[in-house]
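# Secondary and tertiary structure notes
Okay, here's what each chain looks like letter by letter:
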Amino acid sequence: MTIRWKPSATVAAIIEHHGKFLLVEEHTPEGLRLNNPAGHLDEGERLVDGCAREALEETMHLFTPTHLLGIYMSRFQRPATTSQALEDITYLRFAFCGTLGALQAGRSLDTGIVRTLWLSPDEIRASSARHRSPLVIQCMEDYLRGQRYPLSLIHTDTNVIDPQPIATGGSV
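Residues numbered from 1 in each chain as written. Predicted model: local features only at pLDDT ≥ 70, side-chain atom pairs only at ≥ 80, totals over all residues. Heavy atoms only, no water.

Attention now moves to the pairing of strand β4 (residues 31-35). Relative to β4, strand β3 (residues 20-28) is paired through five bridges, and the arrangement is antiparallel. Looking at β4, one finds that His27 is bridged to Leu32. Here β3 folds back onto β4 in antiparallel fashion, the turn holding two residues. (Pairing = 2+ DSSP bridges. Helix = DSSP H or I, 4+ residues; strand = E, 2+ residues; numbered from the N terminus.)

So, about unusual backbone geometry. With a phi close to 55°, His18 is a non-glycine residue in the positive phi region. Its identity is not glycine, yet Met60 carries a phi of approximately 70°, on the positive side. Following the sequence through the fold, Met60 ends up in the loop between α1 (47-59) and β6 (61-78).

A few words now on α1. Spacing of three or four residues puts side chains on the same side of an α-helix, whose turn is 3.6 residues. An ideal rise of 1.5 Å per residue puts 18 Å on 13 residues; α1 measures up with 18 Å between its terminal C-alpha atoms. Taken across its 13 residues, α1 has ten buried, putting it largely inside the fold. If you check which residues of α1 are buried, you get Leu47, Val48, Gly50, Cys51, Arg53, Glu54, Ala55, Leu56, Glu58 and Thr59. Looking at the buried positions of α1, the neighbouring elements they touch are β1 (8-14), β3, β5 (38-40), β6, β7 (87-103) and β8 (113-119). Looking at the residues trailing α1, positive phi occurs at Met60, about 70°. (Expected span 1.5 Å × (residues − 1). Buried < 20%, exposed > 50% of the residue type's maximum accessible area, 1.4 Å probe, protein only. Contact = heavy atoms within 4.5 Å.)

With that out of the way, let us pick up the nonpolar core. Grouped together as the largest cluster of nonpolar side chains are 18 residues, with contacts concentrated most on Ile14, Leu69, Ala95 and Ile124. Among the secondary structure elements, those contributing two or more residues to this core are β1, β3, β6, β7, β8 and α3 (135-144). Here this core takes five residues from α3, the largest share from any one element. Sequence-distant contacts of Ala95, defined by excluding residues within four places in its chain, comprise Ala12, Ile14, His67, Leu68, Leu69, Gly70, Tyr72 and Cys139. Membership of the second largest hydrophobic core comes to twelve residues, among which are Ile15, Val48, Cys51 and Phe63. (Core = buried A, V, L, I, M, F, W, Y, C linked by side-chain atoms within 4.5 Å.)

Time to look at the packing of aromatic side chains. Overall, the coordinates contain one aromatic pair when judged by the stated rule. Cation over ring: Arg148 sits above Tyr143, and NZ or CZ is 3.9 Å from the ring centre. (Phe/Tyr/Trp six-rings, centres within 6.5 Å; stacked < 30°, edge-to-face > 60°. Lys NZ or Arg CZ within 6 Å of the ring centre and 35° of its normal.)

Rendered as structure tokens:
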């Protein structure tokens, strides 16, 4: 049997306020990088819930997705080293824009996140060498162009959140 290729599903929050975008500065094997508040979708999680969770974990702010900004694919390759094999990952990113809520007192930033920053579009463009992904700029540019899709475009079957045992035997 061959191994089936699967992209890594991620969610990202594109958060704009008064002309600036909220980014996070995070530790990566390539050094400190800038990224949108983003992360992997957890098992049993709806896309919008994953996005809200990641935004909270990485910024300490509540976030309510109001629109799907877009669906993006990006490939990342980290060269092999003497201690680690080549990493070749394709990310499938679901980016959302929405409403930033209150800072949640008593929380701390997620592991690896150094700080949050509010940057203008020009500052984001000028810092592209420090971006974790080319999708940081792409998502911002799509947002600035007014690209938005209704959340009703997304359907999550209830068996994702509440899986039912698979019946054995019988016919379908």
